[in-house]
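Next come the chains, spelled out residue by residue.
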Amino acid sequence: MTQLALNKNAGVRRSTLSVVLKALLYVVLIALALFTLIPFVWMISASLKLDREVFSYPIRWIPETFHWENYSLIWSKVPLITYFKNTATIALLVTFIQTLTSSFAAYAFAKLRFRGRNTLFICYVATIAVPWQTYMLPQFILMRSMGLYDTLWAIVVLQSFSAFGVFLMRQFYQGIPTELCEAARIDGLSEYGIWARIMLPLSKAAIATLVIFTFVGTWNDYMGPMIYLTRDVNKTIQVGLQRFIQENSSDYHLIMAVSVCSLLPVSVVFLALQKYFIQGIATTGLKG
Amino acid sequence: MKKALALILAVLMLLTAASFAVAEEGQTLTVVAWDAETTPYLKAEKEAFEATHPGVTIEYIDVASQDYATKTGTMLGGGDTSDVFMVKEITDMLNWQAAGYEEPLNSYIEASGYDLSGFAGIESNYAVDGEQYALPFRSDFWVLFYNKDLFDAAGVEYPTNDMTWEQYAELAKKMTSDGVYGTHYHTWLSAVVNWDVCDGVNTLIDGNYDDLAYFYELYQDLEDAGACQSYNDLKAAGLHYSAAFENGNVAMLPMGYWFVSTMIGAIKDGTCSFNWGIVSVPHKEDVAAGSSFGNLTGAMINAKSEHKDLAWEYISWLAGEEGSIATATTGTRPAWVSEAVASTMASADGFPTDDASKAALVPVYVGIEIPASEHSSEISTVLNEEHSLIMTREYSIEEGIAEMNERVAEILG
Amino acid sequence: MAQTDNRLLKRRKTRYERKKELVAYSFIAPNFIGFAVFTLLPVLFSIFLSFVKWKGGAFSTMEWVGLGNYAEIFKTAKVAEKGLGYLFTKVDLGIALKNTLFYTLITVPLTLICAVALALALNRAVKGAVGFRTVFFFPYVASMVAICVCWRFMMMKDGPINQLIMAVGINYNKSWTADSAMAIWSIILVSVWRNMGYYMVIYLAALQGVPQDLYEAATMDGANKWQQFCHVTLPQLSPTTFFASTMLIISCFKIYDVVKIMTEGGPGRATKMLVTYIYDEAFSNFNYGIASAIAMVLLVIVLIFTLIQFSMEDKYANN
């Protein structure tokens, strides 16, 4: 009896403690979330103000009147549709090529044995460490001689074969037990079959990671398009944004409106994929 | 799901095919310039040239001004064949010349009997060992802009073409009141201390910067008095000087002549609506009134161009009298100054009509902002770094200048 | 007879092996060909560039200088005379190196700690976990240009951040980006803010892969929450940590855009980083040789870090 009562007491104490802890957790999380969102809130609020209100003191987070017309104004000021179309084309192509070829190559690096494997892999890793600025010029000379300058293909080939994708996929594949592949081999599957039927389905999470990473990286890339794309019909959203900032340097409300627009597509991709991102991993039992 | 994927892919291919179509070429001259979309004089020049040269089209390749050095450097380094490149900084021109990107011009000048006298000698800044590599078509010197309405409202006399820096500082403080700043300094080194080269003796590459202290002290005194917005705030907000002046709460602004065309445009499209004028920048006691400093803008022919003769026709026209008149109509100051050009400048639509503004069009001396030398770009990096330390008050003026002297001495070897 | 059999077997095996190798190469080829042409080749070329003097233009204008570029960036003559202190206080390379190392050594652990903490918190049955996850990840998808402008404004003298810390009782009212001591912290703050969500999601995925029975076993052994965290969670997360820290270190060493927009390397040289230095040399001064030499210094440092991590990973895997 006494034993039981004691236990019950302890249970009550424990649950109050855990309620307090949980409440604390929420407070901290919400505070952090607010902190994280501050710049976005400022951005959106600035995009709905008049330009002289943007930097007024003290800060007014909610605009006095909402100037939605800022958003219609920017469409007439910059060819946003062209920019969006170009950026989407590049980002989709790059993401597709990058994911396909790097998961292909990563399978070989993680699960197959061949001469020169380590040397090749070190080549990949080493180039991740080299900042692009240093080999930009030789790369540019090469691209020009291949006739890719000022075409969207320049950015596509530039981004599609980055070493990062191979590196990431290999790390993930390494976490998948080799026994799985061996069992499949005994069952008579070819290596291509193993890649398609075993590795790919198991690496949904990794692929989602890579897709988000590549898509976001390509979408937000500034230097590449700035160097390689010259004519207006070829420009991407980031170059367009920078140009807009230069030409309207004091129109912070409009700059922020364009920024908000440039943000939307990437957010959609993330929201659409994040389900796979988490679930995919939970089902594979993948550790890496 | 698979059908959707196939559809997406199909759409993608179509988009791709459409985006990759190449534009057709005619009798076209490609000219690489910065902010081509928004610069009024480039538009005026293009129209005037195409009108007098039927069948020729000028196509600008627009590069954002902040990326101009990076992008043009890569283009030229990569063997780009655009015909003409605008020269933004003299140091760029030297680098390009050293790398062999620029077509030497002496043979063209001789063959066409081109008369360089209209440049009054400033074209020599674009010459290396007696060979001309580019022609200047803009020469901007610094003037003092002021907001006439603010002076009228305060009942204070307008600035004049003959003011010392002390008189200017006094005026700035007098004009400062609630919500109005007496003057405005953009964050650049040139806006604060480049006045030092107005005397025709000092340069910013000679390795001795002790004289800059005078201008830093002048600035800090004004900043402390609240007569100008603080450097730190301007930096953090990234405020553009045009926005600052157009806001209408700044009484004076020392700025390059190019701002005249910006102001004319701003008044025209209704961005701002006050009366303004220009006068010569202030001077030190021992320097002649009307002395200033400035910078050149030019055009060069790409050594890899496939239309060199047409390109020569273009740049010689651009820098010569006709092109200069086209340039001057927009309120921009050409490098070639003849009587016809001067009267075009003064009668540019929207240019202030008072006599002082007209008189300010003719400086008595224009020093070069940073003259070209082997070390110009390295020195200017050092000066800008130390400038930011002094302006943020991390360093005292003495400390900053001592470090400028020391570091530049090291570069000069 | 038995010998022939053996030889036959061997020959068949080699053919089999060769076929297997060919299959492996066919996996690598699509990516490797693109990689070799567009990345590896230019990188090798830039290694070569670090030994020449070149202003761009025709290849014939290159001048072989051997280690000359390295001697120039390290200012070897001066340093030999004045000691190592001179390198890190006066020489551009030393200052950039010091700043980059400081930035990396603070940012990497800070980001990882924040990421793990957030992942742990959200891995519990928290209401609105998806919402929180999205919020924390969001900075990662935003474009730097817009966001950095925004942060710079918020860190102004009377900006919201200073108002906040004044409210907590800390007396600080300078513009962060104009203060040599704080400028680098403003960059660290923005970097952590931007990256923690991304790594949080990676950790979250890893956490869900930790087998539940390990916790049950640990509870049976009487381990409390903290002990469970130290002895079960952390070791299970270490492959992720290896991956995350490698990627983070590399990206920290290559920091460029945040610095460019927030501080432009200033005030003075307070936030001059290796890549901003490379950029200046390559595109303001057109010293491609010097720029490549600095890049090689960067490459060597990053390679050392990566190799250390790989060897640690191997050790861990063997255990």
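Since we're looking at a predicted model, the values are computed, not measured. (Residues numbered from 1 in each chain as written. Chains lettered and ligands numbered in written order. Predicted model: local features only at pLDDT ≥ 70, side-chain atom pairs only at ≥ 80, totals over all residues.)

1. Things to note about the overall build of chain B
Stated precisely, the cut-off is as follows: Secondary structure elements follow DSSP: runs of H or I no shorter than four residues count as helices, runs of E no shorter than two count as strands, and numbering proceeds from the N terminus. The globule rule used for comparison is 2.2 Å times the number of residues to the exponent 0.38, while the radius of gyration itself is calculated over C-alpha atoms. Note on burial: count the other C-beta atoms lying within 10 Å of the residue's C-beta; 20 or more is buried, 12 or fewer is exposed, in between is partly exposed, and C-beta positions come from the backbone. Residue pairs are scored as contacts if the distance between their C-beta atoms, which are placed from the backbone, is within 7 Å.
Within chain B, the secondary structure is distributed over 18 helices and 11 strands. Taken over the C-alpha trace, chain B has a radius of gyration of 23 Å; the compact-globule value for 413 residues is 22 Å, and the two agree within 12%. Here chain B holds 413 residues, and the buried ones make up 49% of them. Across chain B, contacts joining residues at least 24 apart in sequence account for 75% of those joining residues at least 6 apart.

2. With respect to the interface of chain B and chain C
Defined as follows: Side-chain classes follow a simple rule in which Ala, Val, Leu, Ile, Met, Phe, Trp, Tyr, Cys and Pro form the nonpolar group, Asp, Glu, Lys and Arg form the charged group, and the remainder, Gly included, forms the polar group.
Listed per partner, the contact involves 25 residues of chain B and 24 residues of chain C. Listed by contribution, the elements that provide at least two residues to the side of chain B that touches chain C are α3 (68–77), α4 (90–98), α10 (231–237) and α17 (376–391) of chain B. Among the elements that line the side of chain B that touches chain C, the one with the most residues is α17 of chain B, at seven residues. Of the residues contributing to the side of chain B that touches chain C, the split by class is eight nonpolar, 11 polar and six charged.

3. Topic: the domain arrangement of chain B
Residue and element names in this part refer to chain B. What counts is decided by this rule: The split of the chain into domains comes from an automatic or database domain assignment.
Once the domains are mapped, chain B shows domain 1 (26–140 + 294–346) and domain 2 (142–293 + 359–412). A separation of 28 Å is found between the C-alpha centroids of domain 1 and domain 2. Across the contact, 16 residues belong to domain 1 and 17 residues belong to domain 2. Listing elements by their share of the side of domain 1 that touches domain 2, those giving two or more residues are α2 (40–52), α4, β10 (291–301) and α15 (339–346).

4. Re the pairing of strand β6 (residues 135–147) of chain B
Residues and elements named next belong to chain B. Rule in force here: Following DSSP output, two strands are said to pair if at least two bridges run between them.
A large share of β6 lies buried, amounting to 13 of its 13 residues. The pairing of β6 with β10 spans six bridges and is classified as antiparallel. Considered in β10, the bridge of Pro136 is made with Gly298. Looking at chain direction, β6 and strand β8 (residues 250–256) are connected through five bridges and run antiparallel. Bridge pairing in β8 places Trp142 opposite Gly256. Examined bridge by bridge, β6 and strand β9 (residues 276–280) share five bridges and lie antiparallel to one another. By the bridge assignment, Phe145 is partnered in β9 with Ile278.

5. Considering the interface of chain A and chain C
Across the boundary between the two partners, chain A contributes 68 residues, which contact 67 residues of chain C. The residue inventory of the side of chain A that touches chain C, partitioned by class, reads 46 nonpolar, 19 polar and three charged.

6. Examining the nonpolar core
We count it as follows: Each nonpolar core comprises buried Ala, Val, Leu, Ile, Met, Phe, Trp, Tyr and Cys residues, the members being joined through C-beta atoms within 7 Å.
By size, the foremost hydrophobic cluster in this structure holds 243 residues, and its most contacted members are Val143 and Phe145 of chain B together with Cys148, Met200, Tyr203, Leu274 and Ile294 of chain C. If one sorts the elements of this core by residue count, helix α9 (residues 180–208) of chain C sits on top with 16 residues. Of all hydrophobic cores here, the second largest spans 50 residues; its members include Val87, Ala134, Met300 and Ala335 of chain B.

7. So, the environment of Phe172 of chain A
All names here are of chain A. As for its position among the elements, Phe172 is in helix α7 (residues 163–174). On the basis of neighbour counts, which here come to 26 C-beta atoms within 10 Å, the residue Phe172 falls in the buried class. Measuring from C-alpha to C-alpha, the distance between Phe172 and Ile194 comes to 16 Å, with 22 residues separating the pair along the chain.

8. Brief notes about the domain arrangement of chain C
Looking at chain C, the domain boundaries give domain 1 (2–49) and domain 2 (73–318). A C-alpha centroid distance of 37 Å is found between domain 1 of chain C and domain 2 of chain C.

9. Observations regarding the environment of Ile255 of chain C
Residue and element names in this part refer to chain C. For Ile255, the location among the structural elements is in the loop between α11 (225–253) and α12 (257–262). Residues Ile255 and Ile95, spaced 160 residues apart in sequence, show a C-alpha to C-alpha distance of 15 Å. Filtering out sequence-adjacent residues up to four positions away, Ile255 remains in contact with Tyr103, Met273 and Val275.

10. A closer look at the pairing of strand β1 (residues 28–34) of chain B
All names here are of chain B. Note the following rule: The handedness rule is simple: strands pointing away from the viewer, and a clockwise path from the first strand over the helix to the second, make the crossover right-handed.
For β1, the tally of buried residues reaches six of seven residues, placing the bulk of the element in the interior. Considered for its hand, the β-α-β crossover made up of β1, α2 and strand β2 (residues 57–63) is right-handed. Direction of pairing for β1 relative to strand β3 (residues 84–87): parallel, over a ladder of two bridges. The residue of β3 that forms the bridge with Val32 is Phe85.

11. What about helix α6 (residues 129–141) of chain C?
Residues and elements named next belong to chain C. Under the convention used in this document: Residue count minus one, scaled by 1.5 Å, sets the expected span of a helix. In this analysis the local bend is the angle between axes fitted, respectively, to the seven residues ending at and the seven residues starting at the residue.
With 13 residues, α6 extends 19 Å from end C-alpha to end C-alpha; this agrees with the ideal 18 Å at 1.5 Å per step. The sharpest bend along α6 reaches about 25° and sits at Val135, with the proline Pro139 one to four residues further on. Of the residues making up α6, those classed as buried are Phe132, Arg133, Val135, Phe136, Phe137, Phe138, Pro139, Tyr140 and Val141.

12. Topic: unusual backbone geometry
All names here are of chain C. Its identity as a non-glycine residue notwithstanding, Lys75 has a phi of 45°, on the positive side. Structurally, Lys75 can be placed in the loop between α2 (68–74) and α3 (76–82). The exposure class of Lys75 is partly exposed, given the 19 C-beta atoms found within 10 Å. Within the chain, Glu264 stands out as a residue other than glycine whose phi angle is a positive 55°. If you trace the backbone, Glu264 turns up in the loop between α12 and α13 (274–283).

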